[in-house]
Every structure is written in C-alpha cells, then in structure tokens.
Amino acid sequence: MRSKLVAGNWKMHGGLAANAALLSALLTEIDTLPCEVVVCPPFPYLAQAQQVLAGSALKLGAQNVSQHPAGAYTGEVSVSMLREFGCRYVLLGHSERRAIYGESDATVAAKFEAVLAEGLVPVLCVGETLADRQAGETEMVVGRQLDAVLARLGVAALGCGIVAYEPVWAIGTGQTATPEQAQLVHAFIRQRVAASDDEVAAKLRILYGGSVKADNAAALFGQPDIDGGLIGGAALVAEDFLAICRATGVSSS
Ligand code: PEP
C-alpha cells in the first residue's frame, strides 16, 4: 500500500512574518495528520523554514534546481545547496518552469538525475495544456514527459522519485479535473511505468495537482491511483492546507 503525501508549492509567495505564521500553524497539527506533508518555499526562505521545522515531521522541499553541480551558472542553485538547507524533495518540470522558462523534457530529465545523485527525491511534474486535451493528446504529452526520464535514467530511477500529474488548465484556475478525469491519467501513468516494471509502477506515488481545495480533495484522493496532492494556492492558507492533508485520511481507510 502506498502512503499518501501532500506537498505545498508556495510559488513566489511569502515573507518572513507570513512564513513564520503559516509554518507554526502547520506544526500545531502535523503529528495528527494521516499523510506525509511537505512545504516548498521560495529559495531565500529555505533557511528560515529549516530552522522552524527542525525536529518536526513537516518536511522541506524546493521548487526547482539546477542540473549542474556547481560553476558559472549565475542565478542558479545546486542540489547540494538544497541539501544543506534540509530539503528532501525537489519539484521538477512544473508547468510554469516549462512554459515561462522554456524547460525542455531533456532539461527536466537532467535535473531528475542531478537530484537523485545527491540522494534527494525528485517530484516530476507532468501534464497537458487545454489545447493538448482538446486535441485528444493528453496521453501523448504526458507519455512523452515520462519517457524523457525513463529513456535517460531507466525505470528503477523513476521509481526513486514521485510523479505529480498537473493538468496545466487546472493550475491556479479554480477548474479542477474531475476525480474520474484525474484517475484516468493517473492509471495511464502507472500503466506506462508498468510496461517497464510492474513492481516499480505499483509502488510509485502519483500526486494530483490543479486547484485542489478542501472541498474537492477527498474525492480526488479517494481514487485508486491518486496518492496525494501537489497544492498551490490553498497551500498558503494554513486551515485550507491542513483540511486538504486531513482529506487523505478519508480515502485510506
Ligand atoms: C501548483 O502550483 O502546482 C498548483 C497545483 O497550483 P493550484 O493548486 O493553485 O492550482
């Protein structure tokens, strides 16, 4: 049985005071939550979060990383730097990174390799645009994004990470995929991995992201191939994020 995980992607939001309040509210309930919980603040706040979360069950992640270990890459951050600040997870290939910063499947696969090489856990974001979906190309796009990592690193390496299915049309729009729509793509992802290795596929955690809220989380998390969520907007409000985390317990019984 796969354990559930909920990760909060703060995107480019936050500030010292707001972060302190949010993290301390999450810490008051962290030991009662039925899932693993991760927060991914912007880079400058990792040190603050590391200090506040020390010794707690609330885990730390980053929103992006360089594929290079060190060197003349102005503005970039390496995996070993993230590790020094207590990060265990790294989001890779978020649709905003792909669309706004032009990250290719090949770049994302190189980042996946770099994250694994330092012993951190990559969270590979995949998902189709509205145009892709309307053209009937959801599986082709998601399959291509997965295959980039499978081809470069192999199925065992993919199995050391987590996949987050995030339909681009659902991110930050309030337009969530229905549980059935999401389940279909999650099952497709698992089958794609199973074509290489059944055991890896059965153990792989696949999160759903895209306008998850307290009132739709339980139905999504109740689907057989949805193992938790990657949460944007609702991760900035402690009560909303906690309610989403609690909703993982509704389906796991
Ligand atoms: C995200 O940023 O990955 C995300 C899913 O955002 P939201 O929950 O706001 O749609």
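What counts and how
- Residues take numbers from 1 onward in each chain, read along the sequence in its written order.
- With pLDDT at 70 or above as the cut-off, local features in this predicted model cover only qualifying residues; side-chain atom pairs require 80 or more to be listed or tallied, and sums for whole chains, interfaces and linings still use all residues.
- With hydrogens and water stripped out, all remaining heavy atoms of the structure feed into the side-chain values.
- Note on conventions: DSSP H or I runs of at least 4 residues are helices, E runs of at least 2 residues are strands, and numbering of each starts at the N terminus.
- In what follows, a contact means two residues having at least one pair of non-hydrogen atoms within 4.5 Å.
- Strands qualify as paired when DSSP identifies two bridges or more between them.
- Helix axes are fitted only over the stretch in contact, all axes being lines through C-alpha atoms; the angle between N-to-C directions runs from 0 to 180 degrees.
- Under this definition, polar contacts are N or O atom pairs within 3.5 Å; protein pairs additionally need one hydrogen-donor-capable and one acceptor-capable atom, and for neighbouring residues in sequence, both atoms have to be side-chain atoms.
- The rule for a salt bridge is simple: a side-chain nitrogen of Lys or Arg has to be within 4 Å of a carboxyl oxygen of Asp or Glu.
- Throughout, exposure labels follow a simple rule: accessible area from a 1.4 Å probe, protein chains only, divided by the maximum for the residue type, with under 20% read as buried, over 50% as exposed, and the rest as partly exposed.
- Pairs of cysteine sulfur atoms within 2.5 Å are identified as disulfides in what follows.
- To be near a molecule or strand, a residue needs just one of its heavy atoms within 4 Å of it.
- Reported accessibility uses the Shrake-Rupley method at a 1.4 Å probe radius. Residues are deemed covered only where the shown protein chains occlude them.
- Note that Gly is not counted as nonpolar here; it falls among the polar residues with everything else outside the nonpolar set of Ala, Val, Leu, Ile, Met, Phe, Trp, Tyr, Cys and Pro and the charged set of Asp, Glu, Lys and Arg.
- The method works on a 1 Å grid over the protein atoms by themselves. A cavity is a set of points holding a 1.4 Å probe that cannot get out, a pocket is an open set with protein on both sides within 12 Å along at least five of seven lines, and residues with an atom within 4 Å of a point line them.
- Grid points are joined across faces, edges and corners, and a volume is the space filled by probe spheres set on the points.

On to the side chain of Asp225. Structurally, Asp225 can be placed in the loop between helix 11 (217-221) and strand 8 (228-231). If near-sequence neighbours (up to four positions away) are discounted, Asp225 is found in contact with Arg2, Gln183, His186, Ala187, Arg190 and Ile206.

Turning next to the sheet that holds strand 4 (residues 87-92). Judged by pairing direction, the barrel is parallel, and its 8 strands sit side by side in the order 1-2-3-4-5-6-7-8 before closing back on the first. Across the sheet, the mean angle separating the axes of adjacent strands is 25 degrees when strand polarity is ignored. Pairing of strand 6 (residues 162-165) with strand 7 (residues 206-209), which is carried by 3 bridges, proceeds in the parallel orientation. Considered in strand 7, the bridge of Tyr165 is made with Tyr208. Across the face of the sheet, helix 7 (residues 138-153) comes into contact with strand 5 (121-126) and strand 6 while running at roughly 155 degrees to strand 5.

Turning to the environment of Tyr73, a few remarks are in order. With respect to the helices and strands, the residue Tyr73 is situated in the loop between strand 3 (59-62) and helix 3 (79-84). Separated by 3.4 Å, the side chains of Tyr73 and His68 make a polar contact.

This brings us to the pattern of salt bridges. Across all of its chains, the model carries 17 salt bridges by this definition. Notably, a salt bridge pairs Asp227 with Arg2, separated by 2.8 Å at the nearest N-O pair. Here Asp227, found in the loop between helix 11 and strand 8, pairs with Arg2, found in the segment before strand 1 (5-9); they are 225 residues apart in sequence, far enough to count as distant. Take Asp227: its relative accessible area is 2%, and that puts it in the buried class. Across the pair Glu96 and Lys11 runs a salt bridge, and its minimum N-O distance is 2.7 Å. With Glu96 in helix 4 (residues 95-100) and Lys11 in the loop between strand 1 and helix 1 (16-29), the pair connects residues that are 85 residues apart, well separated along the chain. Taken together, the shared-partner salt bridges connect Arg2, Arg190, Asp225 and Asp227 into one network.

Bringing the state of the cysteines into the picture now. Scanning the entire structure with this criterion turns up 0 disulfides. With no disulfide of its own, Cys160 has Cys125 as its nearest cysteine by sulfur position, at a separation of 17 Å.

This part covers the site of the ligand. In the vicinity of the ligand there are 14 residues, among which Lys11, Glu166, Gly172, Ser211 and Gly232 approach most closely. Gly232 is positioned such that a nitrogen or oxygen atom in its backbone is 2.8 Å from an oxygen atom of the ligand. One of the backbone N or O atoms of Gly233 is found 2.8 Å from an oxygen atom in the ligand. Contact with the protein chains removes 98% of the 290 Å² of surface that the ligand exposes when unbound. Residues belonging to the shell around the ligand are distributed by class as follows: 4 nonpolar, 8 polar and 2 charged.

All right, on to the layout of surface pockets then. Picture a little ball the size of a water molecule; that probe, rolled over the atoms, points out where space is still empty. Within this model, the largest pocket holds a volume of roughly 480 Å³. Sort the elements by how many residues they give to the lining of the largest pocket and helix 4 lands first, with 3 residues. Residue composition of the lining of the largest pocket, by class: 9 nonpolar, 6 polar and 4 charged.

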